[in-house]
Amino acid sequence: MLTTSDFDFDLPTDLIASHPLPQRDASRMLVVRGRAQEDKQIREFLDFLQPGDVVVFNNSRVIPARFMADGKHEITLHTETDDGCWWGLCKKFGKIKVGTILALDDGTQIQVVDIDEESGLKIKFLCENTFDVLNRVGKMPLPPYMKREEQSADRERYQTVYSSPLGSMAAPTAGLHFTNEMLDEIRARGAKIVNVTLHVGAGTWMPVKTEDLSQHKMHSEWCCVTPEQADVINNATRVIAVGTTSMRTLESAARDAMDGQRVAPICTNTSIFITPGYRFRAVDVLLTNFHLPKSTLFMLVSAFAGLPEMKAAYKHAIDEQYRFFSYGDCCLLFKKDE
């Protein structure tokens, strides 16, 4: 039985990308087919396309989810609830009580309506438009491993060029490599593009704190595949998922698919946790960035392409000085033969 330690590896800290490259389409791309590895550039992604392919992106847009309350509590929103409130992570919130009203930097008030040890504070914004307030007082929620504050360029570079519906607290980072020109070229190669939605929350990036994988609890995230999108995907020759959030959306949609279909339409919360042994039904190829040791995302790619294969690929990436994590390089993975 695999444990969390099986997904550990040594990563030099100088390979963690704290800033994006000047050009989106300048990143390197490691192609992994079983044990075979090829060093490519992201623009060469186009050369792997075939007529009949469907390339699936996650079009969720990052919100400036990090802000200060009462000048001392840093809160990072991660999940919107059905009643219009938000769950937000907050350090050292032990003395905050349910019902407490806190003030933001622009004077807007928020009320704490619930508290959970894992999810943090459930917050009600006492205003007409939450997103307007966040645009004034919030910062882009850059991952902590970047070890820096938001800069003005992050407002644009920590978004995909095709992002639309607001709701993510982290970028679907594999999509950061694509330009509008590349999207046009995908279509010119005879492939179709589908933009599904998964609002990235705590489920995608929260660390695994248990050695037993079965004891890890994934936070749920809202995702959607429309009937029209499902029809396109079900008629694909191959499905190429751009990013692990697209992958998780598609495989969540595969659960209710009928025989002969890849996916069924869904608009729901998913807490799917993909580890080795999972049988993939929707996705044939995955483009993704390089992920943290012992993370749910490294477990997912290991389930897709094989754990020994991914450890070998990551060793190659480290030896060749690939850039890791959100602003880093990417890899193109082909599903391991079952």
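Below you will find a few notes about this structure. In this numbering scheme, every chain counts its residues from 1 along its sequence in written order. Given that the model is predicted, a residue must reach a pLDDT of at least 70 before its local features are reported, and side-chain atom pairs must reach 80 or more before they are shown or counted; all residues, however, enter totals for whole chains, interfaces and linings. Hydrogens and water molecules were not included; the side-chain quantities draw on all heavy atoms of the structure.

### Notes on the overall build of the protein chain
What counts, and what does not: Labels follow the DSSP assignment, with helices taken as runs of H or I lasting at least four residues and strands as runs of E lasting at least two, numbered in each case from the N terminus. Between the two quantities, the radius of gyration covers C-alpha atoms and the globule rule is 2.2 Å times the number of residues to the power 0.38. Think of it in three bands: residues with accessible area under 20% of the maximum for their type are buried, residues over 50% are exposed, and the middle band is partly exposed, with areas taken using a 1.4 Å probe on protein chains only. Residue contacts follow a heavy-atom distance rule, with two residues in contact if any of their heavy atoms lie within 4.5 Å. We get accessible surface area from the Shrake-Rupley algorithm with a probe of 1.4 Å; when it comes to residues, only the shown protein chains can shield them.
When helices and strands are counted, the protein chain shows 8 helices and 17 strands. Its C-alpha atoms give the protein chain a radius of gyration of 20 Å, near enough to 20 Å, the size a compact globule of 338 residues would have. If you line up the protein chain on its principal axes, its C-alpha atoms span 55 × 45 × 45 Å. By the burial criterion, 55% of the 338 residues in the protein chain qualify as buried. Relative to all contacts within the protein chain whose residues are 6 or more apart in sequence, the contacts with residues 24 or more apart total 70%. Just so you have it, the protein chain exposes about 15000 Å², and 47% of that area is on carbon and sulfur atoms.

### Quick notes on the sheet that holds strand S10 (residues 120–125)
Our working definition: In this analysis, strands are considered paired if DSSP registers two or more bridges between them. The angle between two axes is taken between their N-to-C directions and runs from 0 to 180 degrees, where each axis is a line fitted to C-alpha atoms and a helix contributes only its stretch in contact.
Strands sit in the order S5-S6-S7-S10-S9-S8 across an open sheet of 6 strands; the sheet is antiparallel. Since the sheet does not close on itself, it has two edges, and those belong to strand S5 (66–69) and strand S8 (101–103), each with one partner. The average undirected angle you get between the axes of adjacent strands in this sheet is 45°. As judged from the 4 bridges shared by S5 and strand S6 (residues 73–80), these two strands associate in the antiparallel manner. Following the sheet pairing, Phe 67 is matched in S6 by Ile 75.

### A closer look at the pattern of salt bridges
Condition: By salt bridge we mean one thing: a side-chain nitrogen of Lys or Arg within 4 Å of a carboxyl oxygen of Asp or Glu.
What the rule picks out here adds up to 17 salt bridges. Between Asp 47 and Arg 189 there is a salt bridge, with its nearest N and O atoms 3.3 Å apart. Of this pair, Asp 47 sits in the loop between strand S2 (36–41) and strand S3 (53–58) while Arg 189 sits in the loop between helix H3 (180–188) and strand S12 (192–198); the two residues are 142 residues apart in sequence, bridging distant segments of the chain. Residue classification places Asp 47 among the exposed residues on the basis of a relative accessible area of 53%. On the basis of relative accessibility, which here comes to 34%, the residue Arg 189 falls in the partly exposed class. Its salt-bridge partner being Glu 149, residue Lys 139 comes within 3.1 Å of it at the nearest N-O pair. Placement of the pair is Lys 139 in the loop between helix H1 (130–137) and helix H2 (154–157) and Glu 149 in the loop between H1 and H2, with a sequence separation of 10 residues. Given the relative accessible area of 39%, Lys 139 is considered partly exposed.

### Comments concerning the sheet that holds S12
Taken in spatial order, the 9 strands make up an open sheet running S2-S1-S17-S16-S14-S3-S12-S13-S15, and their pairing is mixed. Unpaired on one side and paired on the other, S2 and strand S15 (266–270) mark the two borders of the sheet. Sheet twist, expressed as the average angle between the axes of neighbouring strands with direction ignored, equals 20°.

### What to know about the environment of Arg 281
Formally: A 3.5 Å cut-off defines polar contacts: any pair of N or O atoms within that distance qualifies, except that in protein one atom must be a possible hydrogen donor and the other a possible acceptor, and neighbouring residues in sequence count only when both atoms are side-chain atoms.
Mapped onto the secondary structure, Arg 281 falls in the loop between S15 and strand S16 (285–289). Sequence spacing of Arg 281 and Val 263 is 18 residues, and the spatial spacing of their C-alpha atoms is 8.1 Å. If near-sequence neighbours (up to four positions away) are discounted, Arg 281 is found in contact with Glu 251, Ala 254, Arg 255, Ala 257, Met 258, Gln 261 and Arg 262. Polar contacts involving the side chain of Arg 281 include one to the main-chain carbonyl oxygen of Ala 257, which spans 3.3 Å.

### A short note on unusual backbone geometry
Glycine aside, residues mostly have negative phi angles, and peptide bonds mostly take the trans form. Positive phi outside glycine occurs at Lys 92, with the angle close to 50°. Along the chain, the position of Lys 92 falls in the loop between strand S7 (86–90) and S8. Residue Lys 92 is classed as exposed on the basis of its relative accessible area of 81%.

### Examining the pairing of S12
Across 5 bridges, S3 lies against S12 in parallel orientation. Counted as the bridge partner of Phe 57 is Asn 195 from S12. With 2 bridges connecting them, S12 and strand S13 (residues 221–225) associate as antiparallel partners. Bridge assignment links Thr 197 to a residue of S13, and that residue is Cys 224.

### Side note on the environment of Ile 110
Mapping Ile 110 onto the fold places it in strand S9 (residues 109–116). Distance from Ile 110 to Cys 127, taken between C-alpha atoms, is 8.3 Å for residues 17 residues apart in sequence. Those residues in contact with Ile 110 that sit more than four places away from it in its chain are Phe 67, Ala 69, Ile 75, Thr 100, Ile 101, Leu 102, Leu 104, Ile 123, Lys 124, Phe 125 and Leu 126.

### A word on the side chain of Asp 154
Secondary-structure assignment places Asp 154 in helix H2. Those residues in contact with Asp 154 that lie beyond four places of it in its chain are Met 140, Leu 142, Arg 148, Glu 149 and Tyr 327.

### Focus: the state of the cysteines
The line we're drawing: Two cysteine sulfur atoms form a disulfide, by the criterion used here, when they sit within 2.5 Å.
Scanning the model with the defined rule gives 1 disulfide in all. With no disulfide of its own, Cys 223 has Cys 224 as its nearest cysteine by sulfur position, at a separation of 7.6 Å. Judged by its relative accessible area of 0%, Cys 223 falls in the buried class. Among the cysteines around Cys 330, which has no disulfide bond, Cys 331 carries the closest sulfur, lying 7.0 Å off.

### Side note on the environment of Trp 222
Summarising the element assignment, Trp 222 is placed in strand S13. Residue Trp 222 is classed as partly exposed on the basis of its relative accessible area, which comes to 35%. The spacing of Trp 222 and Thr 197 is 25 residues in sequence and 8.1 Å in space, taken between C-alpha atoms. Excluding residues that lie within four positions of it along the chain, Trp 222 makes contacts with Thr 197, Leu 198, His 199, Cys 267, Thr 268 and Asn 269.

Purely spatial values, then, with no claim about function.
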